[in-house]
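Tertiary structure, described
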Amino acid sequence: NLDIVYPGGFGRSDFQAVSSVSFDIKAGEVYGLVGESGSGKTTIGRAIAGLTRASGGSLKVLDHEMVGFKEKAFSPIRRRIGFVFQDPAASFNPHLTIGECVAEPFAIHKRDMTAKDREKRVLELLDSVQLPSAYAARYPHELSGGQRQRASLARGLALDPELLVADEPTSALDVSVQAKVLELFVELQNRFDFAALFISHDLAVVDMLSDRIGVLFHGELLEEGTGEQVLGSPSNDYTKRLIASLPVPDPDEQAKRRGLARGLRTTAG
Ligand SMILES: Nc1ncnc2c1ncn2[C@@H]1O[C@H](COP(=O)(O)OP(=O)(O)OP(=O)(O)O)[C@@H](O)[C@H]1O
Ligand SMILES: [Mg+2]
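Attention in this report is confined to the structure presented alongside it. (Residues numbered from 1 in each chain as written. Chains lettered and ligands numbered in written order. Predicted model: local features only at pLDDT ≥ 70, side-chain atom pairs only at ≥ 80, totals over all residues. Heavy atoms only, no water.)

Time to look at the overall build of the protein. When you go through the protein residue by residue, the secondary structure sums to 11 helices and 10 strands. Along the first, second and third principal axes, the C-alpha atoms of the protein reach 65 × 45 × 35 Å. Across the 269 residues that make up the protein, the buried fraction comes to 45%. Long-range pairs, those at least 24 residues apart, make up 62% of the contacts in the protein with a sequence separation of at least 6. For the protein, the exposed area adds up to about 13,900 Å²; of that, 51% sits on carbon and sulfur atoms. (Helix = DSSP H or I, 4+ residues; strand = E, 2+ residues; numbered from the N terminus. Buried < 20%, exposed > 50% of the residue type's maximum accessible area, 1.4 Å probe, protein only. Contact = heavy atoms within 4.5 Å. Areas by Shrake-Rupley, 256 points an atom, 1.4 Å probe, with all protein chains shown as cover.)

In this section: the packing of helix α4 (residues 98–109) against helix α6 (residues 145–156). Contact geometry for α4 and α6: axes closest at 7 Å, N-to-C directions at 30 degrees. On the basis of the axis angle, α4 is roughly parallel to α6. Between α4 and α6 the crossing geometry is right-handed. Contact residues: α4 offers I98, C101, V102, E104 and P105, while α6 offers A151, A154 and R155. (Axes fitted to C-alpha atoms, helices over the stretch in contact; angles between N-to-C directions. Parallel < 35°, antiparallel > 145°, perpendicular 65-115°, else oblique. Left-handed = near helix turned anticlockwise from the far one by under 90°.)

On to the sheet that holds strand β8 (residues 195–200). Strand order in the open sheet made by the six strands is β6-β7-β8-β3-β9-β10, with mixed pairing throughout. Where the open sheet ends on each side, the last strands, each with one partner, are β6 (81–84) and β10 (220–225). Across the sheet, the mean angle from the axis of one strand to that of its neighbour is 15 degrees, orientation sign disregarded. Sitting on the sheet, α6 is in contact with β6 and β7 (163–167), with an inclination near 165 degrees to β6. (Pairing = 2+ DSSP bridges.)

Scanning the model with the defined rule gives 10 salt bridges in all. A salt bridge links D24 to R212; the shortest N-O distance between them is 3.1 Å. Of this pair, D24 sits in the loop between β2 (15–21) and β3 (30–34) while R212 sits in strand β9 (residues 212–217), and the two are 188 residues apart along the sequence. Its relative accessible area of 43% is what places D24 among the partly exposed residues. Its relative accessible area of 15% is what places R212 among the buried residues. What you see here is one network of salt bridges that share partners, running through D24, K26, E29, R212 and E224. (Salt bridge = Lys/Arg side-chain N within 4 Å of Asp/Glu carboxyl O.)

A few words on the pairing of β8. Counting buried positions over the six residues of β8 gives six, a clear majority of the element. Of the two faces of β8, the one holding A195, L197 and I199 and the one holding A196, F198 and S200 are both buried throughout. Where β3 lies against β8, five bridges are found, and the strand directions are parallel. Paired with V34 across the bridge in β8 is S200. Across five bridges, β7 lies against β8 in parallel orientation. For A166, the partnering residue across the bridge sits in β8 and is F198. Taken together, β7, helix α7 (residues 175–192) and β8 form a β-α-β motif whose crossover is right-handed. (Right-handed = clockwise from strand over helix to strand, strands pointing away.)

Laid out in structure tokens, this is it:
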């Protein structure tokens, strides 16, 4: 029953971005959170990582209650959570090399690490996301979008997190590049077995890599289940519309879905 309210002030009223949302992510599980722009996905992801305050109900992250938490009490937990941001160009400091960007979590959470160990670990991380070690010396703008998002994944995994929050990690990418990064995500998740909250507005993407899916709409969780349940027998009209909007290669199937979408629009209107 998580609530997240953005406080108003200066004549603005409070805004409830998340209302009574309930779900859980088990160890090693990938949970896909899908929903249209503004539905509250990033708000939930940020609250899990302690970047936005959870205001009501309960949010337990790695057994730690986030509603009413003290910053100090959370800091040992923060290092157990990785975060991959929506926009890789904006999330890297342009004045740092890729190697330094990937090493940022060590500078914050592992200050006793020697420079040599840090360098070794950065190269391992770049290797695990299939980037050549020479890229460590490049600056963020010297990488392609897909390469930058790989580097961002490397940084998210730097501290070997138990939980990774990935906020639309591939949305800014071209479809073919997106597919490669998603493949890499699946491979890394199999290898390191971290739990993940994978946020996307694309139901097809979420279905490809999630164990379970939650559909968010205007801050409320409308539907939850395995991909098969959510895509196969959606209980909610909004989910049905989302599914109807997915591109499918089969033209007959596509026509059927379009008909379904039209039918739904007519009933809604
Ligand atoms: N700091 C803030 N103060 C007030 N309102 C905010 C703040 N951040 C987000 N919101 C509002 O909360 C709602 C949810 O925003 P959020 O960023 O979680 O959406 P989202 O589902 O991630 O959307 P997108 O797919 O576009 O990234 C939006 O209506 C947004 O305008
Ligand atoms: Mg968002």
